[in-house]
Amino acid sequence: MPNSFDIAVFQGDGIGPEIMAPTLAILSDLAVGGGYSLNFIDAPAGAAHYAQTGDSFPSASMEAARQADAILLSAMGLPDVRYPDGTEISPQIDLRKALTLFAGVRPVTVRPGQPTPLALRGGQSIDFVLIRESTEGLFYTQGRGEVEADEARETLRITRAISEPLFRFAFELAKSRKAAGRGPGKATCVDKANVFRAFAFFREMFDAEAAKHPELSANHAYVDATALWMVEKPWEFDVMVTENMFGDILSDLGAGLMGGLGLAPSADIGYNHAVFQPCHGSAPDIAGQGVANPMAMILSAAMMLDWLGQRHDFAPMQADGDRLRAAVDAVVAEGAILTRDLGGQAGTAEVADAIRAALK
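This structure is a prediction, so every number in the text was calculated from the model and none was measured.

> Explanation requested: the pattern of salt bridges in the structure shown.
When charged atoms on two side chains of opposite charge get close, those side chains can pair. Tallied over the full model, the rule gives 22 salt bridges. Put simply, Arg-82 and Glu-88 hold a salt bridge, and the shortest N to O gap is 3.2 Å. For Arg-82, a relative accessible area of 39% puts it in the partly exposed group. Judged by relative accessible area, which is 33%, Glu-88 ranks as partly exposed. Taking the shortest distance from any N to any O, the salt bridge between Arg-356 and Asp-353 comes out at 3.0 Å. In this pair, Arg-356 and Asp-353 both sit in helix H11 (residues 348–358), three residues apart, roughly one turn of the helix. Each of Asp-127, Arg-177, Arg-182 and Asp-238 takes part in a single network of salt bridges with overlapping partners.

> Can you walk me through the packing of aromatic side chains in this structure?
By convention here, two paired aromatic rings are described through the distance between centres and the angle between planes. Following the criterion strictly, the structure yields 12 aromatic pairs and no others. Taking 5.2 Å as the distance between ring centres and 40 degrees as the angle between the ring planes, the aromatic pair formed by Phe-171 and Phe-206 counts as tilted. With a gap of 35 residues between them, Phe-171 in helix H5 (residues 160–179) and Phe-206 in helix H6 (residues 197–210) connect regions that are remote in the sequence. Accessibility assignment for this pair places Phe-171 and Phe-206 in one class, buried. Connected via pairs of aromatic rings, a cluster forms that spans Phe-167, Phe-171, Phe-196, Phe-199, Phe-202, Phe-206 and Phe-246. If you follow Arg-144 out to its NZ or CZ, it ends over the ring of Tyr-140, 5.2 Å from the centre.

> I keep staring at the pairing of strand S12 (residues 274–278) and nothing clicks. Help me out?
Residues in a regular strand point their side chains to alternate faces of the sheet. The buried count for S12 comes to five of five residues, which makes it a mostly enclosed element. What you see with S12 is no split at all: Ala-274, Phe-276 and Pro-278 on one side and Val-275 and Gln-277 on the other are buried throughout. Sheet analysis places strand S3 (residues 70–73) next to S12, joined by two bridges and oriented parallel. Opposite Ile-71, over in S12, you have Val-275 as the bridge partner. Joining the antiparallel neighbours strand S11 (residues 265–269) and S12 is a turn of four residues.

> For this particular structure, what's the right way to read the environment of Lys-233?
In this structure, Lys-233 sits in the loop between helix H7 (223–232) and strand S10 (239–242). Given a relative accessible area of 28%, Lys-233 falls into the partly exposed group. Sequence spacing of Lys-233 and Leu-120 is 113 residues, and the spatial spacing of their C-alpha atoms is 9.4 Å.

> Would you mind going over the environment of Gly-256 with me for this structure?
Take Gly-256: it is sitting in helix H8 (residues 244–257). With 50 residues separating them along the chain, Gly-256 and Phe-206 place their C-alpha atoms 27 Å apart.

> Got a minute to help me understand the layout of surface pockets in this structure?
Rolling a probe over the atoms, with the probe sized like a water molecule, indicates the empty space that remains. The volume enclosed by the largest pocket comes to roughly 1200 Å³. Broken down by secondary-structure element, the contributors of at least two residues to the lining of the largest pocket are strand S4 (103–110), strand S5 (126–133), H5, S11, helix H9 (295–311) and helix H10 (315–334). Here the element with the most residues in the lining of the largest pocket is H5; it accounts for seven residues. Residue composition of the lining of the largest pocket, grouped by class: 20 nonpolar, six polar and 11 charged.

Calculation rules
Residues numbered from 1 in each chain as written. Predicted model: local features only at pLDDT ≥ 70, side-chain atom pairs only at ≥ 80, totals over all residues. Heavy atoms only, no water. Salt bridge = Lys/Arg side-chain N within 4 Å of Asp/Glu carboxyl O. Buried < 20%, exposed > 50% of the residue type's maximum accessible area, 1.4 Å probe, protein only. Helix = DSSP H or I, 4+ residues; strand = E, 2+ residues; numbered from the N terminus. Phe/Tyr/Trp six-rings, centres within 6.5 Å; stacked < 30°, edge-to-face > 60°. Lys NZ or Arg CZ within 6 Å of the ring centre and 35° of its normal. Pairing = 2+ DSSP bridges. 1 Å grid on protein atoms, 1.4 Å probe; cavity = no way out; pocket = protein on both sides within 12 Å on 5 of 7 lines; lining within 4 Å. Points joined across faces, edges and corners; volume = space filled by probe spheres on them. Nonpolar A, V, L, I, M, F, W, Y, C, P; charged D, E, K, R; others polar.

What follows is the structure in structure tokens.
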């Protein structure tokens, strides 16, 4: 049918399959009402698959990802299943590198009345996006670092080929958020340019892109100060863009502002491909108990609908992304049906049913 999309689905490890199942069910319901089709293609990979077969990422699964219109990936990795060199199985990082998914998009939103560790005495709402470069930086030599008896080395790499499109993406996002009334149109470069020449180079490219957008504002922040300001005044941020490792750390801080990783969705976006997955881990300690929080996975699916709708100029998908996000917000704000990580007692299926009911 017209507007038919193939979605490569990585079920994940631990709680991964438990939160993916209700997400796919909700997406299927939305597609029926929205006049489009989502064809889910199973793509085995991950730590459990490695333990069973000795292959963490089959070539057929990578090919399915390359051919798909979008990729849904659940929580990956198991702490006790590792490669011989001691590193964890991370298909999500393999995908970022193989498909050049340079923009890791981590939205952080706290609506008025939503539970948060912050004391928002002024009733402020928080709505900003952290963009993490996802293919190089301090992750560049992942699995290839040099280890000797008395010394170990990893290489931080920043290139023009990746940073320039990253900054274009950041300013375009700031522009679209401003047009939608979501932000003031401000991009912040987060770095450590006062110490490292690589970050001075990073900042130089950010400034060059900023000069092309006089209608937007741009500023800089050192990463240590940013961590402080994300707690003291997070409502002042709009779009933040940073290096891979800094983004890895700050995205978890952003999740903490929202009350935990259970509400933290993400996307890794490149020129032609995009992966959508929750920020949290596979939580093997609660796997199989039916108590995992599916909200981050469901919110990641909403981001997928946004991206597909925008990419293919198909407004019903974008509208469904907005509806799905609003349904999750409504369930969280009501506070009656929440999983344990958010202070409730509800199970995975109960929360998913509440979100489905909020969509009607």
